[in-house]
Every structure is written in C-alpha cells, then in structure tokens.
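# Coordinate inspection notes
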Amino acid sequence: MTHVHLHHKISALVDGELHGSARYRALHHIGRCEGCRQELEATLALKRRMSGLSDVEPSADLFASLDSATVAGRRSRCPRASQARPPRAVLRPIVRRALVGAGSLTVAVLSLAYAVGGPADVTATRVTPPVDEYMADFAGDTGLAPLADPAADVLAADPEPAAQVLSRLGSTTPDARPTGSTGTEARAERVLRRAMSAPDRFAYTGVREVDSFDAGAPTMLRLLVHHAPRQGTSFAVVDRPAGATATFVAQSEAVASGGLTSEPLQQLERAYDLSVASSSASVLGRPATIVEASRGGAVAARFWIDNETGLLLRRQMYAGGRVVRSSSFTRLKVSRVGFLPHLPPELEAPSTTELAKASAPLLGDDGWTCPPRLGRFALTRLDRLETDADVMSASYSDGLSNVSVFEQRGSLRSGAIPGLTRRTVRGTPVYVSLGLPTVAVWGSAGTVYTVVTDAPDETATAVVADLPHAGPAPVGAGERLATGLKRLAGTLDSAR
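Residues numbered from 1 in each chain as written. Predicted model: local features only at pLDDT ≥ 70, side-chain atom pairs only at ≥ 80, totals over all residues. Heavy atoms only, no water.

## Things to note about the overall build of the protein chain
Across its full length, the protein chain carries 14 helices and 21 strands. Per-residue burial for the protein chain yields a buried fraction of 45% across its 496 residues. Of the contacts formed within the protein chain by residues at least 6 apart in sequence, a portion of 63% connects residues at least 24 apart. Working note: accessible area of the protein chain is about 25,700 Å², and carbon and sulfur atoms make up 55% of it. (Helix = DSSP H or I, 4+ residues; strand = E, 2+ residues; numbered from the N terminus. Buried < 20%, exposed > 50% of the residue type's maximum accessible area, 1.4 Å probe, protein only. Contact = heavy atoms within 4.5 Å. Areas by Shrake-Rupley, 256 points an atom, 1.4 Å probe, with all protein chains shown as cover.)

## Observations concerning helix H9 (residues 185-197)
Its 13 residues give H9 an end-to-end C-alpha distance of 19 Å, which sits within 8% of 18 Å, the value for a rise of 1.5 Å per residue. Close packing links the buried residues of H9 with helix H11 (263-271), strand E7 (273-283), strand E8 (286-295) and strand E9 (298-306). (Expected span 1.5 Å × (residues − 1).)

## A few points about the environment of Ala186
Note on placement: Ala186 falls in helix H9. For the pair Ala186 and Val276, spaced 90 residues apart in sequence, the C-alpha separation works out to 9.4 Å.

## Notes on the packing of aromatic side chains
In this description, a pair of aromatic rings is defined by centroid distance and the angle of the planes. Tallied over the full model, the rule gives three aromatic pairs. Judged by centre distance (5.9 Å) and plane angle (80°), the ring pair of Tyr204 and Phe329 falls under edge-to-face. With Tyr204 in strand E3 (residues 203-212) and Phe329 in strand E11 (residues 322-335), this pair connects stretches of sequence that are 125 residues apart. Across the pair, Phe329 and Tyr204 agree in class, each one buried. Taking the ring centre of Trp304 as reference, the NZ or CZ of Arg314 above it sits at 5.3 Å. Here the guanidinium or amino end of Arg409 rests over the ring plane of Trp368, the centre of that ring lying 3.9 Å away. (Phe/Tyr/Trp six-rings, centres within 6.5 Å; stacked < 30°, edge-to-face > 60°. Lys NZ or Arg CZ within 6 Å of the ring centre and 35° of its normal.)

## Here we look at the packing of H9 against H11
With their axes 10 Å apart at the nearest point, H9 and H11 run at an angle of 150° to one another. When the interaxial angle is binned, H9 and H11 end up roughly antiparallel. The two elements H9 and H11 cross, and the hand of that crossing is right-handed. Facing H9, whose interface residues are Glu189, Leu192, Arg193 and Met196, H11 presents Pro264, Leu265, Leu268 and Glu269. (Axes fitted to C-alpha atoms, helices over the stretch in contact; angles between N-to-C directions. Parallel < 35°, antiparallel > 145°, perpendicular 65-115°, else oblique. Left-handed = near helix turned anticlockwise from the far one by under 90°.)

## Points about the pattern of salt bridges
Tallied over the full model, the rule gives 10 salt bridges. The closest approach of N and O atoms between Asp200 and Arg230, which form a salt bridge, is 3.7 Å. With Asp200 in the loop between H9 and E3 and Arg230 in the loop between strand E4 (219-228) and strand E5 (232-237), this pair connects stretches of sequence that are 30 residues apart. Classification of Arg230 by relative accessible area gives exposed; the value is 65%. The salt bridge involving Asp383 is made with Arg381; its shortest N-O contact spans 2.7 Å. For Asp383, a relative accessible area of 4% gives the class buried. Here Arg381 falls in the buried class, since its relative accessible area comes to 10%. Each member of the salt-bridge network shares a partner with another, and the members are Arg286, Asp306 and Glu308. (Salt bridge = Lys/Arg side-chain N within 4 Å of Asp/Glu carboxyl O.)

## What to know about the confidence of the model for the protein chain
Residue-level pLDDT values for the protein chain average 76, and 65% of them are 70 or greater. Between residues 53-86, whose pLDDT stays under 50, and residues either more than four places distant or in other chains, the model counts 13 contacts. (pLDDT = per-residue confidence, 0-100.)

## A look at unusual backbone geometry
Here Leu436 and Pro437 are connected by a cis peptide whose omega angle stands at 15°. Tracing the backbone shows Pro437 in the loop between strand E19 (428-433) and strand E20 (438-444). Here Arg230, not a glycine, exhibits a phi torsion of approximately 60°, which is positive. Residue Ala445 is not a glycine yet carries a positive backbone phi of 50°.

## Examining the side chain of Ser401
Looking at where Ser401 falls in the secondary structure, it is placed in the loop between strand E15 (390-397) and strand E16 (402-409). What makes Ser401 buried here is its relative accessible area of 2%. Apart from residues no more than four positions distant in its own chain, Ser401 is found in contact with Met317, Phe377, Tyr396, Asp454, Ala455 and Pro456.

## Things to note about the pairing of E15
For E15, the buried fraction is high: seven of the eight residues fall into the buried class. Of the strand pairs in this sheet, strand E14 (residues 377-386) and E15 are connected by eight bridges, and their pairing is antiparallel. The residue of E15 that forms the bridge with Ala378 is Ser397. Connecting the antiparallel pair E14 and E15 is a turn made up of three residues. In terms of strand pairing, E15 meets E16 through seven bridges, oriented antiparallel. Within E16, the position partnered with Ala394 by the bridge is Val405. (Pairing = 2+ DSSP bridges.)

In structure tokens form, the structure reads like this:
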C-alpha cells in the first residue's frame, strides 16, 4: 500500500487554512508520519524566519544581479550565441530594456503579493448577536437545575423594582459568617444529592419569589411554578399583565445540559467547602436542613433542603458578606405524581449539536476560545449552534453559578444591541445588561463574544475579563509577503 504524504497541505495547515475534519486528519497523520513531521518543522522554521524580516527596498544592484543571471542563463541554453554576438553598442539598449521590464515585473509581483497577503478583512462581516436566543438557550439549560435559580429575566418578564424587598430582608438579614458545622462534609453531600434527584421523583406546584440585590436597585419577581417529573416545568408571572403567557422548559433540556445529573454537585464539591449549618431549620412549616457552601472562609451560598422530599425550598447567595440573590418558595404543594395537560410555549432557543469536551484543544487551534477552566468555573459542555452563522457555545459551572460563552466570527455591529450599557473592560468596550441572567457582548480580534451568566456581578465581571479583549494582531512584512505569494500561487493553480 502506497504511503501518501501531505505535501502542499503542510503549508495550508501552518497558515490555518485547514478546518474541521481536514485539520484533524492532517494532525493525526503528522503524529504517525516522520517525513511529514520533519516537513512541518521545516515549514514552521521558514515561516518564523520570514516573519522576522523587515520592510526593505529592492537593493541598488538588483538589476545587475538579474543582468548576470539572465545572461548566464542565456549562455547555458544557447552555446552558439557567442559565435554570432552582436556589437556591444547594439546589445546594451536591448539588455537594458529587458532588465527594466523584468525589474518592473518583479516589483509588481512583490507589491501585489504584499497587498493580498494582509490579514483577512473581518470587518466585512458585521455581527449582531441574537442575544434573546442566547439567553433562551441559557435559561433552558439552567431552568430545571435543582440547585440553581431560574433565569427570571427570560422565563417570565423583567423583574419589577421592589424597594420593600430591602425592608423585608432587613428584618431577617441572615448572618453571612460561617456557622459552626453540625455535620460532616459527607453528610452535606448526601443532602445535596437528594436535592439533585428530587425533581425526578416529586411533582409540585407553588409560588417562587426571586429577589436580586446585586444590580443596583433591588428587584423582585414572583413565579407560579408547575413541575411534573420526566415532563418539565412551566413558569408564569404572578399577577402578570394582560397578554403575558407562561413559559415551559422541558425536562429533556435539563437532562441534556447535565442539570439533573451529578455533575453540578461534583463541580460544587471541587470549588467550595460544604457543611451542614443546621438540621432544625423550617421553611413554610416544613422541616429543612441548611447546607452551607464556603470558600476561603467566606460563605458563598446556603441551601434549605426539605427533609421529607429533598426539594430545594430556599437558596441564598452571598458576596462581600451580604446577600446578593435570594430565591424561596412562598407557597408549595408536593405530590408523588403529576402531569401538565396544557403545556405553554417552549423557549425559542436555537438547536445545537453537542461536541466532545475532548475536542476543546482542536477548537482552540482553530481560533475558538474554549479553555478547560475560566477561573473557578470548569468546562461542562461544548456545542455548535445550528444557525446560518458558524457559532460555538461553551458552558461552564462551579456548581453554584453557570456561564455560557457564545462565539461568532466577525466584528461587532456598533449600536445594534439595545438595552445594553457600554463599559470598558481591559481597555476595550463591552456592552452589558445586569440581571438574572447578566449579559455581556464585545468584539475581539475578529470574533464576537456573548457571555450569559447567573453569577453575581463581581464574579461575572471577572469571567468577562478572563476572555480575550484585543484588536487584530499586527502582521510582519515578511509573513505578509510569504502569505501573499502563497495566495497568488494558489490562484494560479486553481485557474489552470
């Protein structure tokens, strides 16, 4: 069997012109073929040398060099030319015209190569990211997660300002200091594991109040919640305005995103210290156990878990020693069986194709940003959105909060995202909308990033800052010239 080498595909691989399965096959071949690996190393060395070249004008003796090379070439091809050589006075004008023509052609070719060797014009693709679709995708992934708050801004409506929330919370402000543990970490994990599986074992109907104190003025939203195991959950705003409808999140979406698996609990165990803060708490007259998640000696969250069913009854998040999020049932009815006969419309989120997390390095080589970790957040899922544009989605979690990063090639269309406020992060403009969830949009080096997260403001800002914020990278003259010559050669080959 004949062994086939990559040959011309080596240059395409080095210049980033191989994508998808073609790039994967080339990398796999190089891993097994010593000859192609040596050719790749030589090509990389040549590119590094050419990238280090500086801008220079053609040397003064360029035409003279061409003169000697041309004359020598003619002698080698026509040995009898010396026998019938014309007089020097006749030869000089002919040679001069030929050399001037050759020199002009050389300069023209080099100028054309320099022009076409510049970076691709990413500004030609102006991107307006579909923020609503991205938020719906995020809400579908987190809407049924047992240890997470629902994405209220998406599932129902904009939360209403509620000054009374502060006064009500002020009378019962919890102590944000770590409590004396009444149980081991293993016991806390057992309690949380019951909470993870409870939505698959019990149906419930109730009113869940979601309060936020992290985005300036406090906001409050009361949601009427209906849940049926293996079917899903519907959310509707209590006392909603006329014409408003409920929203349905299918349980299959939460299963697909890992919301009902043990992975969120594993992330929580890795990122935080868990302990049982109290075994004698009560919510709505139901005995509950409080599990505490802390980090570096500071409380990050507390969970009130129903002793009878394992359902999460209340959840509070802390930042800087104060409550920034609070979510609690104010009414609740639980049963063993349940069914939703009239399902409201589902979230209109784009379809996705899940990719293996192991493919993250290859996607990184192809220019996508999907590191294994963003601070304390670990990569949990990779998806390619099935839309007209090529969009990648990377999901991260620390078990307490979730982050979705959407990436699309192109440059951000300025002024095309209403409702977002311009901020500056690492010297670049970022358009932000705070809430539950928080959204941030910006462009960097030919890619438009959209981050959707339910993390507190301080954490969300740190996640955004960890992602790329840069303009197009400058291209050296040597590299630009080499790329231009290669593109011209490819054009000539395709024209044959």
